[in-house]
Each structure stands twice: as structure tokens, then as C-alpha cells.
Amino acid sequence: MKIEELNKQEELLIENNKHGKHGEVKSTTQIPLVTFYETVSLRIKTELMTIRECERLRRITERDTRIIRDYLRIIYHNEEKILRKNGKVSASLLDKLTLTTSKKTNHKLRTSVPHDLKKRYPRCSFDELQECRDKAIWTYESWKTQQNVSKNELSRPSFKKKTPRPLFKGTQGRGTFQVHHEPVNTDAKLWLELRDSLDTKRSSNRTHNRLWLPLAYSPYHEKRLKLENIKMMELVHKSKEQQWWAHFTLQYSIPQYQSILPPAVLGVDLGIKKTAVAVLLNPTGRVIMDEIRFIVDKERQSKIWQISRQIKETQRKLNKSLNNGQHTEQLNATLFSLRRRRRSVTEQELGYAVNQLVDFILQLKKRYNLFVSVGYPKNIRKRHRRGSGNKSLRKKVHKWCFRYFITRLQYQLTKYGFEPHRVVAVNESWTSKRCSRCNSLNTTRTGQGQFNCHQCNYELDADLNGAKNIGKRLIRYALKPKFSGIRDTLTEDYHPLRHYNCFQPLGQWLK
Ligand SMILES: [Zn+2]
């Protein structure tokens, strides 16, 4: 009943939002947006390029490196002239030293400057020079801030390596690069089109050819690289491997989450074949609610075991007849149908467990600013149990169970208005071995599922210990300053830390 009521509320909310979008009913509160950046790197398939194209790529980067070096030299020599009070370089003052103006703007016309870069690089356009200028300024400023922090004298950045300028993507055909997706192309599905003022001489005519670079584009990149969010691109040469890479910077905007409820993390340890155990923690790692179990349906459970036994038997017969050189079509068909049946029964079973968990989470959501951390086995080896045919198959079935459970949970919860970043699959390796109180690995697990720590003499249920660790893992990721966000182990989705900022003042227990 309660879920139905909640459903209606959600529907109403969605309805309201729809109206808000069309401007009929204006929403009174506007959620502020947060922007964050992510980098995705793709290798350039130089093996598909002609020698001429490779040569051009090299020339572009070498020219850029020279210009950036020049800019840096000018900055070093004129520090007192161009530095602002806050220690930042003023780009406009730098321009006054390096670039002449052809048009009269609000300032006077500049016909001569001390370091005329346009004269030195006549083919280079103003935009390109300014992109190089920005790169030089960034480099200088980051060197300066590091120098202020460090005790030792740091050497100045010298740009011995090839360093092309960063390129920005303009809107609708403008800008210096474009990314083209060609799903039918067999050579490369993604192409990078570079526009550059470098000349290509054909007979006496001068033309500006565009450089097309094929990119190594895998399904992994397809998931992560949202083409419409690309803001910036940098070409990087890795001299060791003799390879070129394109680093894309993506920009995302997401609504900032605000809540007055106390934050809490629900750690869920999935024991697919018996029970799922959950535990509710506050951001300091203390337990708010202990041992929440989701007992699976016994009848269906025994059915799964029965089918698994049948599968095992059929497989043994199959191996036997294969060794004797007999026909195996009949047995293969039986095996296939048995596996399919097991899959459908397991699916029902897991769906039942997910529904219980979803009910429970929706109850908690009313009282807490809730995040859910679910353990997902990246390394399935230790987890498999006997009784379902050969080893690799057992692993597969098991992994599939976990995936099914978590994706279903994420899907159901987002349907009920839970933001997607609130359900994260974290890597569950070592969570069953580690002590949830003192982090020691000097532990044993007895036959009855009891967990003993020899370091601090802590005793508790083994699954509960795992659930605690899984909950803590999410908090730990969210508190570690070296991460800028949490990546979901299953979906590869990226959730920036700003979603979890309620944890940040509470990090003491991590030491
Ligand atoms: Zn311990």
C-alpha cells in the first residue's frame, strides 16, 4: 500500500515537472547545477594514416611546442609587467607585448610590439596563437603555485617534449576540431577532424587541408565518451610507445543535491544462493541498524538446486558419450533447456529479493539522506559454489546473478525517484576477509558463518561483517581526496564527489 501511495506522489511530481518544462506552471524552487569534468583518452590509429598525414601531425605539434616555448620565455622575462596582484598572468597584458592589432578596437591601434609573434609565425592564425598563449599561461601558473608550496627550487618548465596546444570545440562547425561518428566504417568508427592553418602545397596553390585522424574506439569508449559533452581536446605523444593519443575533456552539469535529513549508507552483501544481508551505517562508519536479512523463498531455492543437480548429471552423460564417440544432439538439447529453466527460476527468485530490498530502501529514504552500496564481485573466483556443472560455467552463472540483481535494483529504485548516484556497485574483493572494526586481515571464518578477528577479538556474523565493509567502502571512496568521483563497478557510470559532500566533515574514523 505504502509503495502505491509513494508511486502516486512520484507521478504527481513528474506531472508537475512536465508542466514546468513547458512553462505553464513555473516551479518555485530552482535546483542549482554543478559542473564537473572528466577525461577520456583514445589512441590515434597512426597505422591507418599515410606518411604525409603523420608528417603533418608532427609538424603541427612541433610548431605549437615552439610557440608555447616562446610564450613562456616572454613571460619569464616580463614577470613584473604582466603579473597581476593575485599572482596570475594577465592575458591582455601579454597580448600587448606579443600581438599587433589590425583593427582599431576600444584601445589604440597597436602597430609594433616588442616580441612580434605574428611576424615570427606568419602562417599561424590569431586563434591558434592565443590557444598556445593559454597553454603557456596554465603551465606557468601551475609551476608558480607548486614553487610557492615547495621548499626546494623547482626547475622551470622547459617543454622538451612535443606539446601541442589544447583545442576547443566550437558550436556548429566552428572551432578547431570536430568529432565524427561513423558506425558503418570498418577502419575506425570515430574520426577526429582537425582544422589547422598549416599549409599543404600542391603545385603552386596553397590549400588548407583538414587532417582526419582515425581513433581506436571500443565499446568501453562508446559508453564513456558522450560526444555532445566534449569541450576540449589535447593531442599527446607518448614517446616510449611511439603512439599518439587524443585526450578529450567532457563537461557535465548535474543538479546539486540538498537534503536536511541525516546522511546514511546501506551496505548490502549479496549472498545470491542464500540471503542478502544489509546494514545501515552513518558516515562515520557507526552502525545505525543491524542485520537486515532478506530470506529467499525456500521452495524456489530447492528447485534451483534440483535443476542444478540435473544439469550436472546431464553434463556427465554428455562427456561420457563424447568420449565414446556417440551422438550428443539429444543431450545437448536437454542441457540447453535445463539451463534456460534454471535461469528463469533464478530470475524470479532474485526479483523477489530485489522487491523486498526496494520496499525497505524506500522506507529508509523517508528518514535518511540515503546512499546504497552493493558489493559486486570483480573477481568471482573465490565465490563459486559446487553443483552447477563445469567451473567456468559456474562462474558465469554466478556473475550473471549479481549483475541481474544489481541492475534490477538500480532500475527499480530510479523508477521510484531515487537518484542514480545513490545506488553504487562497489568492488567487493576482500570485504569478506577484512575485519570491519580494525581493518586487519588476520581473521578466520568458521563453518557456521561466524567471523573471528585475531587482532581485536571481534566476533560477528560473517555476512554482516561483509555488509559493513561494503558500506564503509563507499564512504571511504567518497572521503578520499585523490578521487574526484566514484565509478560504479558494474555500469561504469561516474558519480562526482559533490553528490556525497555530506560525508566530508566526518572522515576521522578512516585513520
Ligand atoms: Zn579486528
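Everything numeric in this text was worked out from a predicted model, so none of it was measured.

(A) Structural context of the coordination of the zinc ion. Here the zinc ion is held by the protein donor atoms C435 (SG), C438 (SG), C453 (SG) and C456 (SG), which lie 2.3 Å from it. Classification of the site at the zinc ion rests on its four donor atoms, whose angles at the metal span 107 to 115 degrees, yielding the label tetrahedral. Read in sequence order, the donor residues for the zinc ion give the motif C-x2-C-x14-C-x2-C. Taken together, the residues span a long stretch of sequence, with C438 in the loop between β14 (423–427) and β15 (443–445) and C456 in the loop between β16 (450–453) and β17 (459–461) at a distance of 18 residues. Classification of C456 by relative accessible area gives partly exposed; the value is 22%.

(B) Summary view of the packing of helix α4 (residues 91–98) against helix α6 (residues 126–149). Contact geometry of α4 with α6 gives a least axis separation of 11 Å together with a crossing angle of 125 degrees. It follows from the interaxial angle that α4 and α6 lie oblique. Handedness of the crossing formed by α4 with α6: right-handed. Between α4 and α6, the residues in contact are A91, L94 and D95 and Q130, R133 and I137, respectively. Residues belonging to the contact of α4 with α6 are distributed by class as follows: three nonpolar, one polar and two charged.

(C) Layout of the sheet that holds strand β7 (residues 211–215). Spatial ordering of the open sheet is given by β3-β4-β7, a layout of three strands whose pairing is antiparallel. Each having just a single partner strand, β3 (177–181) and β7 make up the two edges of the open sheet. Going from strand to strand, the sheet's axes swing by 25 degrees on average, the running direction of each strand aside. The sheet contact formed by strand β4 (residues 190–194) and β7 spans five bridges and is antiparallel. Across the sheet, the residue bridging to W191 is P214, located in β7.

(D) Representation of the confidence of the model for the protein chain within the structure. Averaged over every residue, the pLDDT of the protein chain is 78; residues scoring 70 or more account for 80%. Long-range and interchain partners of residues 12–28, a stretch whose pLDDT sits below 50, account for three contacts in this model, where long-range means more than four residues apart. A low-confidence stretch, residues 507–511 stays under pLDDT 50, and its non-local contacts, those more than four residues away or across chains, total 11 contacts.

(E) Main features of the nonpolar core. In this structure, L266, I361, L370, V372 and L409 are the most contacted members of the largest nonpolar core, which totals 35 residues. One finds V34, L194, L211 and Y217 within the second-largest nonpolar core, a separate group that totals 29 residues.

(F) Fine view of the pattern of salt bridges. For the structure shown, the criterion picks out 15 salt bridges. Ionic pairing is found between D64 and R63, a salt bridge with its closest N-O pair at 3.2 Å. In this pair, the class of D64 matches that of R63, namely buried. Of the charged contacts in the structure, one is a salt bridge between E234 and K135, with a shortest N-O distance of 2.6 Å. Remark: K135 occurs in helix α6 and E234 occurs in strand β8 (residues 230–238); sequence separation between them is 99 residues. Through salt bridges with shared partners, a single ionic network connects E55, R58 and E62.

(G) Here's a closer look at α4. Residues of α4 that are buried: L94, D95, L97 and T98. Around the axis of α4, the buried residues are gathered within 160 degrees of arc, so they sit on the same side. Elements in contact with the buried residues of α4: α2 (51–77), α3 (79–82), α5 (117–120) and α6.

(H) Region of interest: the side chain of S321. Considering the arrangement of structural elements, one finds S321 in helix α8 (residues 298–324). Owing to a relative accessible area of 5%, S321 belongs among the buried residues under this scheme. In this structure the side chain of S321 is engaged in a polar contact, spanning 3.1 Å, whose partner is the backbone oxygen of L318.

(I) Fine view of the pairing of strand β9 (residues 243–255). Relative to β9, strand β1 (residues 33–43) is paired through 11 bridges, and the arrangement is antiparallel. Across the sheet, residue V34 finds its bridge partner in β9, namely I254. Here β8 runs beside β9; their pairing, made up of eight bridges, is antiparallel. Its bridge partner lying in β9, E234 is registered against H247.

(J) Looking closely at the packing of α2 against α6. Axis separation between α2 and α6 bottoms out at 9 Å; the angle between their running directions is 55 degrees. Here α2 lies oblique to α6, going by the angle between them. The handedness of the crossing between α2 and α6 is right-handed. Side by side, α2 and α6 meet where R63, D64, I67, I68, Y71, L72, I75 and Y76 of the first sit next to E128, L129, C132, R133, K135, A136, I137, Y140 and W143 of the second. Residue composition of the contact of α2 with α6, grouped by class: 12 nonpolar, no polar and five charged.

(K) Expanded view of the sheet that holds β15. With antiparallel pairing, the three strands of this open sheet are ordered in space as β15-β16-β17. The open sheet has two edge strands, β15 and β17, and neither has a second partner. Across the sheet, the mean angle from the axis of one strand to that of its neighbour is 20 degrees, orientation sign disregarded. When β16 meets β17, the two strands line up antiparallel, connected through three bridges.

(L) Focus on unusual backbone geometry. A positive phi is found at Q242, a non-glycine position, where the angle reads about 55 degrees. The residue Q242 is located in the loop between β8 and β9 in this model. Phi is positive for W430, close to 70 degrees, though the residue is something other than glycine. Counting through the fold element by element, W430 comes out in the loop between β14 and β15.

Thresholds applied
Residues numbered from 1 in each chain as written. Predicted model: local features only at pLDDT ≥ 70, side-chain atom pairs only at ≥ 80, totals over all residues. Heavy atoms only, no water. Donors = N, O, S within 2.8 Å, 3.2 Å for Na, K, Ca; no water. Tetrahedral: all angles 85-135°; square planar, octahedral: opposite > 155°, others 65-115°. Helix = DSSP H or I, 4+ residues; strand = E, 2+ residues; numbered from the N terminus. Buried < 20%, exposed > 50% of the residue type's maximum accessible area, 1.4 Å probe, protein only. Axes fitted to C-alpha atoms, helices over the stretch in contact; angles between N-to-C directions. Parallel < 35°, antiparallel > 145°, perpendicular 65-115°, else oblique. Left-handed = near helix turned anticlockwise from the far one by under 90°. Contact = heavy atoms within 4.5 Å. Nonpolar A, V, L, I, M, F, W, Y, C, P; charged D, E, K, R; others polar. Pairing = 2+ DSSP bridges. pLDDT = per-residue confidence, 0-100. Core = buried A, V, L, I, M, F, W, Y, C linked by side-chain atoms within 4.5 Å. Salt bridge = Lys/Arg side-chain N within 4 Å of Asp/Glu carboxyl O. Arc of directions from axis to C-beta. Polar contact = N/O pair within 3.5 Å; in protein donor to acceptor, adjacent residues only side chain to side chain.

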